[in-house]
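The chain contents come next:
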Amino acid sequence: MIKRPRLIEQVRKALRRSRVVALLGPRQCGKTTLAREFLSVGQKNYFDLEDTDDLLRLEDPKSELASLRGLIVIDEIQRKPDLFPLLRVLSDRKPLPSKFLILGSASPALLRQCSESLAGRIETISMSGFSLEEVANRKLGDHWFRGGFPHSFLAASNESSFAWRKQFVQTFLERDVPQMGLNIPAPIFRRFWAMLAHSHGQIWNAADPAASLGVSQPTVRKYLDYLDHLLMVRQLQPWHENLGKRQVKAPKIYVRDTGLLHLLLGIRNKKEFQNHPKRGMSWEGYVIEELFKRAQPDDAYFWATHNRAELDLLFLKNGRKIGFEIKLSDRPGLTPSMRIAVRDLKLERLFVIYPGKNNYGLDKRTEVVSIFDLEKINLLEHSRHGKR
Ligand SMILES: Nc1ncnc2c1ncn2[C@@H]1O[C@H](COP(=O)(O)OP(=O)(O)OP(=O)(O)O)[C@@H](O)[C@H]1O
Ligand SMILES: [Mg+2]
């Protein structure tokens, strides 16, 4: 078993504060396994809404759930969104006999229902596959190449990892997507996803995928949003600073898990990966996901102007503005673009993340930080002293 202490602590804290905690993550990332850590009362407080026996136990959900004490876990909540109004009633009891941990593979409908009927009572935590911190720094090569899904990362060989990911994508398209009520032919959605992988790290442009799939631009836009809601793809929106310069308006697209990215690009082994033209972009997406797992920003953007100044990632957290540049080189130095980003965006700090071991400063605000040392950016977790 790979230990996930940071995530467990996050859920524990949320359960202390809130009556309902939603743990959302893509299929197969380890949600159920994590939730079991919290089930001290035992199996009778656990309901898997994909299990027919558990569904039978919930035939009269109100009396069943009201009779239980302690933490109640409801898994695959997207299967029964009509439970939300009941959770609201149950979590408003005084004194409160039980709290709820609900798990789901983040459908858009799920999120909408939660926020409407449980407003003020629910806290949402997003999770994904293993982080580098969880699998250990020395596994960087495998973790980057295979991605963080437990079965892909822990597979006995790169070949069986690839085979697992291939099966995952197929099941996702043939079972999970239709189950969410989305009616898209699997082969078309598969081709679209592969096209996204080819434009990983680039600015989104609907025209090309629309033309090659023979569908309209609003339709490919909808496909993109589905993959986003199902936590497979990340869209980074462009930041707009009022500078009078022309700035980019479309989002940047990343396949969130690098293992799935490499599958969709058809990269089977590390030799093919070594010289692959997308290697640099893959690294960029890898680091972005690691930074999200660590810093949990309030908001995130990229920044680009038409005269070539740019910033890979901008995090807003507790009123602070922190920039990140991501490099796949041995010894990154200060560039004119970094200077412009710090100045024009008024960044408090700019961190340059790279795969080397040592950290070093480039100037007063800019520092090169090793991928193995993301602890350094934990200062993001505290609000700036004296300022709001
Ligand atoms: N920390 C871990 N260490 C080792 N293996 C793990 C870990 N977490 C999960 N796994 C394995 O990964 C697989 C998926 O885990 P789990 O069922 O918890 O994911 P899930 O997010 O609930 O998936 P689904 O959305 O399909 O229900 C399981 O086979 C599980 O044993
Ligand atoms: Mg599960």
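On a predicted model such as this, the values are computed, not experimentally measured, just so you know.

Right, let's talk about the overall build of the chain for a bit. If you tally the helices and strands in the chain, you get 17 helices and 13 strands. Its C-alpha radius of gyration of 22 Å places the chain within 12% of the 21 Å reference for a compact globule of 388 residues. Seen through its C-alpha atoms, the chain measures out along the principal axes to roughly 65 × 55 × 45 Å. Counting every atom, the chain has about 18,300 Å² of accessible surface; 49% of that belongs to carbon and sulfur.

Pairing is mixed in the open sheet, where 8 strands are placed in the order β7-β6-β8-β9-β10-β11-β13-β12. The open sheet has two edge strands with one neighbour each: β7 (252–255) and β12 (360–361). Where strand β8 (residues 299–304) meets strand β9 (residues 310–317), 5 bridges bridge the pair, whose relative direction is antiparallel. Along β9, the bridge assignment pairs W303 with L311. Here helix α13 (residues 217–229) sits on the sheet in contact with β6 (233–238) and β7, set at roughly 115° to β6. Where helix α16 (residues 279–295) meets the sheet, its contacts fall on β6, β7, β8, β9, β10 (320–326) and β11 (349–354), and the angle it forms with β9 comes to roughly 10°.

Further remarks concern the pairing of strand β4 (residues 98–104). With 6 of 7 residues buried, β4 is to be regarded as a mostly interior element. Relative to β4, strand β1 (residues 20–24) is paired through 5 bridges, and the arrangement is parallel. Bridge pairing in β4 links V21 to L101. Sheet topology places strand β3 (residues 70–75) next to β4; 5 bridges connect them, and they run parallel. Paired with L71 across the bridge in β4 is K99. Following the backbone out of β3, through helix α5 (residues 84–91) and into the adjacent parallel β4, one traces a crossover that is right-handed.

This paragraph deals with the pattern of salt bridges. Evaluation of the coordinates by the stated rule reveals 28 salt bridges. For E133, the salt bridge identified is with R294, shortest N-O distance 3.5 Å. Of the two residues, E133 sits in helix α7 (residues 132–135) while R294 sits in helix α16, which places them 161 residues apart along the sequence. On the accessibility criterion, E133 (33% relative accessible area) is partly exposed. A relative accessible area of 12% means that R294 is categorised as buried. Among the salt bridges present, the one from E367 reaches R349, with a minimum N-O distance of 2.8 Å. Of the two residues, E367 sits in strand β13 (residues 366–370) while R349 sits in strand β11, which places them 18 residues apart along the sequence.

For the chain, mean pLDDT is 92; residues scoring 70 or higher make up 95% of the total. Of the regions scoring below 50 in pLDDT, residues 382–388 engages in 6 contacts with residues more than four places distant in sequence or in other chains.

This part covers the site of ligand 1. Surveying the vicinity of ligand 1 reveals 16 residues, the closest of which are I2, K31, T32, T33 and H151. Residue I2 places a main-chain N or O atom 2.8 Å away from a nitrogen atom belonging to ligand 1. Compared with its free state, where it exposes 630 Å², ligand 1 has 81% of that area covered by protein. Elements with a minimum of two residues in the shell around ligand 1: α2 (31–36) and α9 (150–153).

Basis of the calculations
Residues numbered from 1 in each chain as written. Chains lettered and ligands numbered in written order. Predicted model: local features only at pLDDT ≥ 70, side-chain atom pairs only at ≥ 80, totals over all residues. Heavy atoms only, no water. Helix = DSSP H or I, 4+ residues; strand = E, 2+ residues; numbered from the N terminus. Rg over C-alpha atoms; globule rule 2.2 N^0.38 Å. Areas by Shrake-Rupley, 256 points an atom, 1.4 Å probe, with all protein chains shown as cover. Pairing = 2+ DSSP bridges. Contact = heavy atoms within 4.5 Å. Axes fitted to C-alpha atoms, helices over the stretch in contact; angles between N-to-C directions. Buried < 20%, exposed > 50% of the residue type's maximum accessible area, 1.4 Å probe, protein only. Right-handed = clockwise from strand over helix to strand, strands pointing away. Salt bridge = Lys/Arg side-chain N within 4 Å of Asp/Glu carboxyl O. pLDDT = per-residue confidence, 0-100. Near = heavy atom within 4 Å. Polar contact = N/O pair within 3.5 Å; in protein donor to acceptor, adjacent residues only side chain to side chain.

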